[in-house]
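# Results of the structural survey
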Amino acid sequence: MTARSQSANAPARSRRKPATAAAAAPAAAGDDTFAARLLAWFDVSGRHDLPWQHPRSPYRVWLSEIMLQQTQVKTAAPYFERFVARLPDLPALAAAEQDTVLGLWSGLGYYARARNLHAAAKLCVERHGGELPRDLDALTALPGIGRSTAAAILSQAWGDRHAILDGNVKRVLARYHGIDGFPGLPAVEKRLWALAESHLPPARMTDYTQAQMDLGATVCTRADPACILCPLQNDCVARVHGRTAELPVPKPGKAVPQRHAQVLWLLDRSGRVLLQRRPPTGIWAALWTLPQHEDDEQAERWFETHLDGEYADGEALAPIAHAFSHYKLELQPRRWRAVALRARVGDNDGLRWFAREELAELGIPAPIRKLIEAAG
DNA sequence: AACTCGGGGTG
DNA sequence: CACCCAGAGTT
């Protein structure tokens with residue numbers, strides 16, 4: 001039975017339940033429509049013609065999973081074709097010379113994968129009659145096969161009910177459930193495993209496993225995900241809260257500190273904006289920018305001494321995230337319209353009103369320019 | 001928990 | 001150029 005024939009009767013099943021009518025309830029673990037929606041999407045938009053799907057055999061599934069570790073489909077596919085043409089089954093691999101195996105792997109990288117693959121094939125001949133064992137622990141005991149790869153092999157090759165947790169699934173789940181924290185951290189990973197287990201459908205595991213990877217690879221991509229096409233968009237926490245760009249939390253590089261600042265966007269009655277020249281040293285040295293303060297209290301004190309008007313009238317706008325090499329800065333802008341400087345305040349503070357047409361000539365930090373030149 | 005393995009794609 | 005990718009093994 002092929003993947004195509006297995007999924008052919010799925011639309012009829014999913015039509016019975018109006019999966020698209022799922023309410024915008026918070027994403028919860030347990031009995032939900034996560035898998036049903038994903039499978040319905042997979043039937044229409046999933047990838048059904050990958051090389052290792054036709055024919056689908058335990059050996060080919062295994063080889064594909066190893067090749068796809070930290071490697072994209074487009075890169076691995078030609079290597080896969082060449083490999084199975086030369087070594088079409090597990091006994092052939094076990095009997096091959098190591099140079100042959102490494103030669104077929106040449107250019108793919110992570111060559112320990114090839115050595116482990118070869119050693120595992122020999123172990124299968126010794127221990128399991130020349131076949132891959134249909135058992136999670138026995139598979140995990142083989143070199144190069146961890147928990148996720150073992151689960152992927154069992155579900156893809158035999159339809160057994162095991163959760164996977166690769167980079168795609170981590171990304172989908174971190175966004176869908178709004179999981180903060182780098183997914184590589186053991187505590188976060190443990191939680192993601194539990195969530196992955198909680199969504200397992202009662203059947204169609206072969207398609208479900210492929211569907212998760214397809215969604216992550218083609219819709220829920222790392223950058224610029226196509227949420228409009230996603231079957232999980234209604235109750236995806238990251239989608240609903242506009243946090244798809246923040247989740248999953250990226251691998252911590254060298255723990256750059258996060259700083260915050262208040263930014264005052266002040267407009268006078270003719271629509272001119274008040275800019276302040278920054279000090280000659282430090283970040284954004286000597287550039288023109290919006291008056292900036294470390295916290296709300298300092299910002300209010302500065303406002304009271306420099307401006308006529310009510311600080312509380314300021315409209316809080318969406319925060320702006322900006323990254324430097326050595327720290328991250330979150331700017332919290334507030335906007336006032338039709339305010340005026342106090343009479344005694346002159347240019348001695350490096351303060352000036354600028355008309356909109358004058359901004360193009362000025363040195364203004366990019367995030368600030370983006371803010372104040374935005375339409376509106 | 002941090003490090004290592006790697007070539008390729010991407011902004 | 002920096003970062004990430006259908007992870008797993010070692011220290």
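Reading the values: the criteria
Residues numbered from 1 in each chain as written. Chains lettered and ligands numbered in written order. Predicted model: local features only at pLDDT ≥ 70, side-chain atom pairs only at ≥ 80, totals over all residues. Heavy atoms only, no water. Salt bridge = Lys/Arg side-chain N within 4 Å of Asp/Glu carboxyl O. Buried < 20%, exposed > 50% of the residue type's maximum accessible area, 1.4 Å probe, protein only. Helix = DSSP H or I, 4+ residues; strand = E, 2+ residues; numbered from the N terminus. Near = heavy atom within 4 Å. Polar contact = N/O pair within 3.5 Å; in protein donor to acceptor, adjacent residues only side chain to side chain. Nonpolar A, V, L, I, M, F, W, Y, C, P; charged D, E, K, R; others polar. Expected span 1.5 Å × (residues − 1). Arc of directions from axis to C-beta. Contact = heavy atoms within 4.5 Å. Phe/Tyr/Trp six-rings, centres within 6.5 Å; stacked < 30°, edge-to-face > 60°.

### Thoughts on the pattern of salt bridges
Under the defined criterion, the tally for this structure stands at 13 salt bridges. Among the salt bridges present, the one from Arg243 reaches Glu246, with a minimum N-O distance of 2.9 Å. Classification of Glu246 by relative accessible area gives partly exposed; the value is 43%. As a salt-bridge pair, Arg342 and Asp308 come within 3.6 Å of each other at their nearest N and O atoms. With Arg342 in the loop between β9 (340-341) and β10 (351-354) and Asp308 in strand β5 (residues 307-308), the pair connects residues that are 34 residues apart, well separated along the chain. The exposure class assigned to Arg342 is partly exposed, which follows from its relative accessible area of 30%. The class for Asp308 is partly exposed, based on a relative accessible area of 40%. Counted as one network, the salt bridges with shared partners bring together Asp43, Arg204 and Asp207.

### Remarks on the protein's contact with DNA strand B
In the neighbourhood of DNA strand B, the contacting residues comprise Gln70, Thr71, Gln72, Gly107, Leu108, Gly109, Tyr110, Tyr111, Ala112 and Pro186. Those atoms of DNA strand B that come within 4 Å of the protein belong to sugar or phosphate at a rate of 44%. Interatomic distance of 3.0 Å between a backbone N/O atom of Gln70 and a base nitrogen of DNA strand B. Across the surface near DNA strand B, the residue classes tally to five nonpolar, five polar and no charged.

### A look at the protein's contact with DNA strand C
What surrounds DNA strand C is a group of 24 residues, the closest being Leu68, Gln70, Gly144, Thr149 and Asn168. Taken together, the sugar and phosphate atoms account for 61% of what DNA strand C places within 4 Å of the protein. A distance of 3.4 Å separates a base nitrogen of DNA strand C from a polar side-chain atom of Trp52. One of the side-chain nitrogen or oxygen atoms of Arg171 is found 3.3 Å away from a phosphate oxygen of DNA strand C.

### A short note on helix α12 (residues 186-198)
The periodicity of an α-helix, 3.6 residues per turn, causes residues three or four positions apart to be oriented the same way. Taking 1.5 Å as the rise per residue, α12 with 13 residues should run 18 Å; its terminal C-alpha atoms sit 18 Å apart, in good agreement. Among the residues of α12, Val188, Leu192, Trp193, Leu195 and Ala196 are the ones counted as buried. On an axial view of α12, the arc spanned by its buried residues comes to 165°, and they lie on one face. Across from the buried face of α12, at angles greater than 90 degrees, the exposed residues are Pro186, Ala187, Lys190 and Arg191. Buried residues along α12 sit in contact with α10 (147-158) and α11 (167-176).

### Comments concerning the packing of aromatic side chains
By the definition in use, this model includes seven aromatic pairs. Taken together, a centroid distance of 5.3 Å and an interplanar angle of 80° make the contact between Trp52 and Phe80 edge-to-face. Here Phe80 lies in helix α5 (residues 73-86) and Trp52 lies in the loop between α3 (34-45) and α4 (58-67), a separation of 28 residues in the sequence. Seen from their ring centres, Tyr59 and Trp62 are 6.3 Å apart, and the 70° between their planes marks the pair as edge-to-face. Placement of the pair is Tyr59 and Trp62 together in helix α4, with a separation of three residues, close to one helical turn. Per residue, the accessibility class of Tyr59 equals that of Trp62, and both read buried. Through successive ring pairs, a cluster of aromatic residues spans Phe303, Tyr311 and Trp336.

### What to know about the environment of Lys74
Checked against the element boundaries, Lys74 lands in helix α5. Looking at Lys74, the relative accessible area reads 75%, which means it is exposed. As for Lys74 and Leu50, which are separated by 24 residues in sequence, their C-alpha atoms are 10.0 Å apart.

### Overview of α10
For α10, which comprises 12 residues, the first-to-last C-alpha distance of 16 Å matches the rise-based estimate of 16 Å (1.5 Å per residue) to within 8%. Turning to α10, its buried residues are Ser148, Thr149, Ala150, Ala151, Ala152, Ile153, Leu154, Ser155 and Gln156. Among the structural elements, α4, α9 (136-140), α12 and α13 (205-218) are those in contact with the buried residues of α10. Phi for Gly159, located one or two positions after α10, is positive at around 75°.

Everything listed here is a matter of coordinates, which is why it stays silent on function.
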